[in-house]
Amino acid sequence: MFIVSIGAGKNQIPLIKAIKELGYSIIGIDKNPLAEGFQYCDIKVIESIYNYHDIYLLLKEQLVFDDIAAVVTRSYGQAIKTVAYLSQQFKLPYIDFNTVDDLIDKSSFRTIAAIHNIPMPHGFIIHKKDLHKLNTLSFPCIIKPPKGHAKQSVMIIDSYHELCSYMKSVKQDTVLIEEYIEGDEIIVLGFVHNRTFYIYDISDKILNAKPYFVDRMHVLPSQYYIMYPELQKLGQKITDTFALQATPLLMECIIRNNSIYLIEAACEFGGEYLADYAIPARLKSNVFKLFLQAIITGKVNVPPKSSVSAIVKYIMGRNGKLVSYSMPKNNHLIHAEMFAKPGDILYYPKNNHERLGVIITKGKTVEKALQTADTLLEQMHIIIE
């Protein structure tokens, strides 16, 4: 039996390896013939992951039509649409292809969520030409593109003047303006199987200073783990509203006065090194394997609760040129990575793609895991001029 991987780049490798370790053959799809994940694939298909109909025809040519057990992706946006299309053609459970756009587009998702009383900050779409109508808007507010990723072009706006400047700087004609709710942010990683939502783990999210929303740190377990039942009900409500059958499901929420507000939901495993490193180290469970086993065998295994803590700490950097650094070593170090190399020009990050590096640690308590991360960061001796 084959499992189709929509994407074969570096970020897809943890999912591809999980497929291989479960004993399945892999068909990798990617437009880059040198994609790093192709080395683990049994069949390589060179095609853009966005061209879902062409991929379908190519798979038919490979004569594996009846031997496909699942179609999966680690990517987001249009890649999810491709998975939905192929799953529908192969009669595999996933997301209804006719409604997948409502999940990708923030505006459509928000409209449907409001109808079904899913709690979200108030928001609306505005066109550039209608900006003059907003001179009575309450501030601060959040502004973001209707479609986007990695916190690109997401900002907190304090005045009408700032709003006008923002609108002039972005390329898109429309933006989403959202009520600003001050509270604690969390990420809930989970999955849907047989129309039922399950939670892998919950993490606290520490953000950078205003005006940009850049993830600075993730802390597991979340201080709001006690709200597990309420968060599970929210995930189930999203599952029911959008008739999800089998998919990863990530929720970003704000907690204020013990009330939950959904910021975004996406049918993806999520990034930020949570599924790849932090959760497996904390719970000793592979997120990707658990999902694959559920959709293929029907057996659902939820990771057991654990008191072990994990920290994903990002190195933020500043304006200048990276001169040098050293990679740290420690028994409690899960993973360390630099996104830049000596000689690269750096900027203070305005989105998640512009961060300098990451350190992921574990410990018996959050305090010990954080102390280890801080110590290792000092040992890296990062020099920026």
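Refer to the structure printed above.
In this report, we go over the structure that sits alongside the text. (Residues numbered from 1 in each chain as written. Predicted model: local features only at pLDDT ≥ 70, side-chain atom pairs only at ≥ 80, totals over all residues. Heavy atoms only, no water.)

Next up on the list: the sheet that holds strand E7 (residues 155–157). Within a sheet, adjacent strands bond to each other through the backbone by hydrogen bonds, running parallel or antiparallel. The four strands are arranged E5-E8-E6-E7 in an open sheet whose pairing can be described as antiparallel. One side of each edge strand has no neighbouring strand; the edge strands of this open sheet are strand E5 (123–127) and E7. When the angles between neighbouring strand axes are averaged without regard to direction, this sheet yields 35°. As paired elements, strand E6 (residues 141–144) and strand E8 (residues 174–179) share four bridges and run antiparallel to each other. Each bridged residue has a counterpart across the sheet, and for Ile142 the counterpart in E8 is Glu178. Here helix H6 (residues 160–169) sits on the sheet in contact with E5, E6, E7 and E8, set at roughly 145° to E7. (Pairing = 2+ DSSP bridges. Helix = DSSP H or I, 4+ residues; strand = E, 2+ residues; numbered from the N terminus. Axes fitted to C-alpha atoms, helices over the stretch in contact; angles between N-to-C directions. Contact = heavy atoms within 4.5 Å.)

As summarised here, the arrangement of the four strands in space is E3-E2-E1-E4, forming an open sheet in which the pairing is parallel. Each edge of the open sheet is held by one strand with a lone partner, namely strand E3 (43–46) and strand E4 (68–72). Put simply, the sheet's adjacent strands are angled 15° from each other on average, direction ignored. Sheet topology note: the strand E1 (residues 2–6)/E4 ladder contains four bridges and is parallel.

It is worth spelling out helix H10 (residues 366–379) at this point. Helix length check: H10 (14 residues) gives 20 Å between terminal C-alpha atoms against 20 Å at 1.5 Å per residue, within 8%. All buried positions along H10 are accounted for by Ala369, Thr372, Ala373 and Leu376. Taken down its axis, H10 places every buried residue within 100° of arc, on the same side. Across from the buried face of H10, at angles greater than 90 degrees, the exposed residues are Glu367, Gln371 and Glu378. Against the buried residues of H10 lie strand E14 (309–315), strand E16 (333–338) and strand E18 (357–363). In the stretch just after H10, His381 is the one whose phi turns positive, near 50°. (Expected span 1.5 Å × (residues − 1). Buried < 20%, exposed > 50% of the residue type's maximum accessible area, 1.4 Å probe, protein only. Arc of directions from axis to C-beta.)

Two measures describe an aromatic ring pair: the distance that separates the ring centres and the angle between the ring planes. The tally for this structure, following the rule as stated, stands at 15 aromatic pairs. Summarising the aromatic geometry, the rings of Tyr225 and Tyr228 are spaced 5.6 Å apart at their centres and angled 45° between planes, so their arrangement reads as tilted. On the basis of relative accessible area, Tyr225 is assigned to the buried category, the value being 18%. Here the aromatic rings of Tyr273 and Phe339 are separated by 6.4 Å at their centres, their planes lie at 15°, and the arrangement is stacked. Highlighted residues: Tyr273 in the loop between strand E13 (259–266) and helix H8 (274–283) and Phe339 in the loop between E16 and strand E17 (345–346), separated in sequence by 66 residues. Judged by its relative accessible area of 17%, Tyr273 is buried. Assessed through its relative accessible area of 34%, Phe339 is described here as partly exposed. By the ring-pair criterion, three or more aromatic residues cluster together here, those being Phe191, Tyr198, Tyr200, Phe269, Phe288 and Phe291. (Phe/Tyr/Trp six-rings, centres within 6.5 Å; stacked < 30°, edge-to-face > 60°.)

Before going further, it helps to examine the side chain of Thr247. If you trace the backbone, Thr247 turns up in strand E12 (residues 246–256). In contact with Thr247, other than residues within four places in its own chain, are Tyr94, Ile95, Phe191, Val192, Cys267 and Phe291.

We now examine the pattern of salt bridges. Overall, the coordinates contain 13 salt bridges when judged by the stated rule. Taking the shortest distance from any N to any O, the salt bridge between Lys81 and Asp101 comes out at 3.3 Å. Of this pair, Lys81 sits in helix H3 (residues 78–89) while Asp101 sits in helix H4 (residues 100–104); the two residues are 20 residues apart in sequence, bridging distant segments of the chain. Overall, the relative accessible area of 14% leaves Lys81 in the buried class. (Salt bridge = Lys/Arg side-chain N within 4 Å of Asp/Glu carboxyl O.)

The peptide bond linking Leu220 to Pro221 adopts the cis configuration, its omega dihedral lying at 0°. Tracing the sequence through the fold places Pro221 in the loop between strand E11 (215–220) and helix H7 (228–241). Look at Ala243: it is not a glycine, yet its phi comes out positive at around 50°. Checked against the element boundaries, Ala243 lands in the loop between H7 and E12. A positive phi angle is found at Asn258, which is not glycine, with a value near 65°. Its location among the elements puts Asn258 in the loop between E12 and E13. In this structure Asn258 comes out as exposed when scored by relative accessible area, which is 62%.

What follows concerns the packing of helix H1 (residues 13–21) against helix H9 (residues 287–297). Closest axis-to-axis distance for the H1/H9 pair is 9 Å, and the angle between their directions is 55°. Between H1 and H9, the crossing angle belongs to the class labelled oblique. Considering only the axes of H1 and H9, their crossing is right-handed. Listed contacts from H9 to Pro14, Leu15, Ala18, Ile19 and Glu21 of H1 are Phe288, Lys289 and Leu292. Partitioned by chemical class, the residues of the contact of H1 with H9 number six nonpolar, no polar and two charged. (Parallel < 35°, antiparallel > 145°, perpendicular 65-115°, else oblique. Left-handed = near helix turned anticlockwise from the far one by under 90°. Nonpolar A, V, L, I, M, F, W, Y, C, P; charged D, E, K, R; others polar.)

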